[in-house]
Amino acid sequence: MASHPINEPILGFAPGSAERTQLQAEMDRQMSEVVEIPCVINGEEVFTGNTTTPVIPHDHGHVLANVHLAGKAEMEAACQAAVDAQEEWIGLGLEGRCQIFERCADLLAGDWRMRVNAATMLNQSKTAFQAEIDAACELIDFWRFNCHYARGFHDDFQPLVSPSGVENSTEIRPLEGFVLAVTPFNFTSIAANLPSAPAIVGCTSVWKPSRNSYHSNYVLMQLMMDAGLPDGVINFLPGSGAEITAAALANPDFAGLHFTGSTATFQGLWKEIANSLSNLRSYPRIVGETGGKDFVVAHPECDRQGLLVALLRGSFEYQGQKCSAASRAYVPSSVWEAIREDLCSEIGKIRMGDARDFSNFMTAVIDQRAFDKITGYIERSRERDTCEVIVGGGSDGSKGWFIEPTIIVTTDASSETMVEEIFGPVLTVYVYEDTDFEAVLGLCDEASPYALTGSIFASNEEDVQTAFDALRFTAGNFYINDKPTGAVVAQQPFGGARASGTNDKAGGPLNLLRWISPRSVKRTLDIPQDWGYPFMQPE
Ligand code: NAD
């Protein structure tokens, strides 16, 4: 069997550990300065003077950085820089490109690890563990495994047949032109992976980071430059998504969109691309991983304590701001009666506060807009007869945007919080009659337009199989007796279908294939010297 990379081991940050001391010192250092964050265009740092000042979500009086936003001229220049850099980038060859991204992975696994983790903890309010599994381990894995998969294409996709006198081959070309990477706030790893996965196979890109992760994303841009990424291959462009998209689509060499974010934003971008087709040199590739309404279905016979832990971790880690977070659960009444009290009492033990205090399991949600949206869902559910907030429900936005871990129990399987993506620490539970397991699988399948992740908790294999079949298209990542979060690169390639995205499976070879446009090559060794064919000979 071919050798392959291994997943990056996760550091524990236990009390007294060296990594804990280093991480705390690095956070103190980052908090003592206000970083100037430029655009990076063709390797040049561009300070536009039109700035915004991101704050720490759990301490929103604290300004982290002064970010210089791109204007129209910078946007156009960045797109053109990406176009101009592609020829040399292709010329470097796959091996040269992989060496650069493997160096990125080594730097992140080594000296840069605490810098990136600390930036993620402060910029996006992650705990040490959530930052470590995202910003460090997942991104190291993306870079190492994507290089491994890309090397595989060169051998796997060669033509099966070359008859005598002919040599057939396939050139694994990248798309012609540049890729626009529009990235979300909630995973630092995804943000850096979206411009770099196409780059590994020879595309160049314009990277538009989320306004809520400029600080951590810029640290990664610096890391990639430190690892020797040539000028223009990835251009870092803080600024308006709508304006950057317009600039990208005005350039005929726009070759693809690599997007992760909300469903509404992606659908708008798809339409804009469709409307621009006549200006473009190629049909662009469109890859988008979008929202979710991720479920847990429990069977009357299941591991009840395991279910409790899965609901708690799956719903409330990173304040529920994972696309995969459990946000609706279908629990049979016998199981619910057995776990309800314990679940509420365990949730009551969750500590929430500053990311620098390692005893906290949760911190703040990302910004005022998220705070208002999530608390709005909770308040509206209080007004409904069919809903009851049984734990949490409180919030305090005075110092940071804190929202308590909240459970709503509903008798209406189609109530707002059972079907819409909330993207916060809110789980809605629908309690069903023990005899209705199969009917509830149908409800789960049809309730929401999304199909990202979901879990079945059942002890008997037959019941697992019933759910597996009934929920075939309800989740792109399906978990059996586990929480629906925590996909690992090269173990559970990630992505969903229906309204959750194009399901191109980040962290797997299928995603990389979207960024290539192969050229088939036939070389004739016995060159025909006569234009006639045998059938034309006289009888
Ligand atoms: P978002 O849609 O608000 O923003 C995503 C990106 O799109 C940002 O960079 C933003 O600036 C940009 N953007 C917003 N409006 C734009 C426009 N009109 N034109 C161009 N760009 C625009 O999403 P978010 O709040 O950053 O992230 C949360 C969402 O992402 C959730 O819906 C979550 O489920 C989803 N998500 C999905 C996955 C997945 O793999 N399926 C992973 C992470 C996050």
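Everything below is about the structure shown above.
Let me begin by describing the structure that accompanies this report. Computed from a predicted structure; not experimentally measured. Each chain has its residues counted from 1, running along the sequence as written. In view of the model being predicted, local features appear only for residues whose pLDDT reaches at least 70, and side-chain atom pairs are presented and counted only at 80 or more, with totals across whole chains, interfaces and linings using the full set of residues. Values reported for side chains reflect all heavy atoms of the structure, with hydrogen atoms and water molecules removed beforehand.

**Details of the sheet that holds strand β16 (residues 387–391)**
So, step 1. Pairing is mixed in the open sheet, where seven strands are placed in the order β16-β19-β20-β15-β14-β22-β23. Each having just a single partner strand, β16 and β23 (477–480) make up the two edges of the open sheet. Averaged over all neighbouring strand pairs, the angle between strand axes comes to 20°, with direction disregarded. Any two strands between which DSSP finds at least two bridges are classified as paired. Only DSSP runs of H or I covering at least 4 residues are called helices, and only runs of E covering at least 2 are called strands; the numbering of each starts at the N terminus. Convention adopted: a line fitted to C-alpha atoms gives each axis, helices being fitted over their contacting stretch, and angles between N-to-C directions are expressed from 0 to 180 degrees.

**Concerning the pattern of salt bridges**
So, step 1. By definition here, a salt bridge exists when the distance from a side-chain nitrogen of Lys or Arg to a carboxyl oxygen of Asp or Glu is within 4 Å. For the structure on display, the rule yields 24 salt bridges.
So, step 2. Among the salt bridges present, the one from D134 reaches K126, with a minimum N-O distance of 2.8 Å.
So, step 3. The class of K126 is buried, set by a relative accessible area of 1%.
So, step 4. Across the salt bridge formed by R382 and E379, the nearest N and O atoms sit 3.3 Å from each other. With a gap of three residues between them, R382 and E379 both fall in helix α12 (residues 368–382), about one helical turn apart.
So, step 5. Think of it in three bands: with a 1.4 Å probe and only protein chains considered, a residue is buried below 20% of the maximum accessible area for its type, exposed above 50%, and partly exposed in between. By relative accessible area, which is 43% here, R382 ends up partly exposed.

**Quick look at the packing of helix α3 (residues 93–109) against helix α7 (residues 214–226)**
So, step 1. Running from N to C, α3 and α7 point in directions that differ by 125°, and their axes come no closer than 9 Å. In terms of their interaxial angle, α3 and α7 are classed as oblique. The crossing of α3 and α7 is right-handed. Across the interface between the two elements, F101, C104, L107 and L108 of α3 pack against L220, L223, M224 and D226 of α7.
So, step 2. Split into classes, the residues belonging to the contact of α3 with α7 amount to seven nonpolar, no polar and one charged. Roughly parallel refers to an angle under 35 degrees, roughly antiparallel to one over 145, roughly perpendicular to one between 65 and 115, and oblique to any angle outside these ranges. The hand of a helix crossing depends on one turn: near helix anticlockwise from the far one by less than a right angle means left-handed, and clockwise means right-handed. A contact between two residues is defined here by any heavy atoms of the two lying within 4.5 Å. In this classification, Asp, Glu, Lys and Arg are treated as charged, Ala, Val, Leu, Ile, Met, Phe, Trp, Tyr, Cys and Pro as nonpolar, and every other residue, Gly included, as polar.

**Some words on the packing of aromatic side chains**
We describe a pair of aromatic rings using the distance from one ring centre to the other and the angle between the two ring planes.
So, step 1. Think of it this way: a Phe, Tyr or Trp ring, Trp meaning its six-membered ring, pairs with another when their centres are within 6.5 Å, and the plane angle makes it stacked under 30 degrees, edge-to-face over 60, tilted otherwise. By the definition in use, this model includes 13 aromatic pairs.
So, step 2. With 6.3 Å between their ring centres and 35° between their planes, F145 and Y149 make a pair best called tilted. With F145 and Y149 both in helix α5 (residues 128–156) and four residues apart, this pair spans about one turn of that helix. Judged on exposure class, the residue F145 and its partner Y149 are both buried.

Such coordinate-based values are descriptive only and should not be taken to indicate function.
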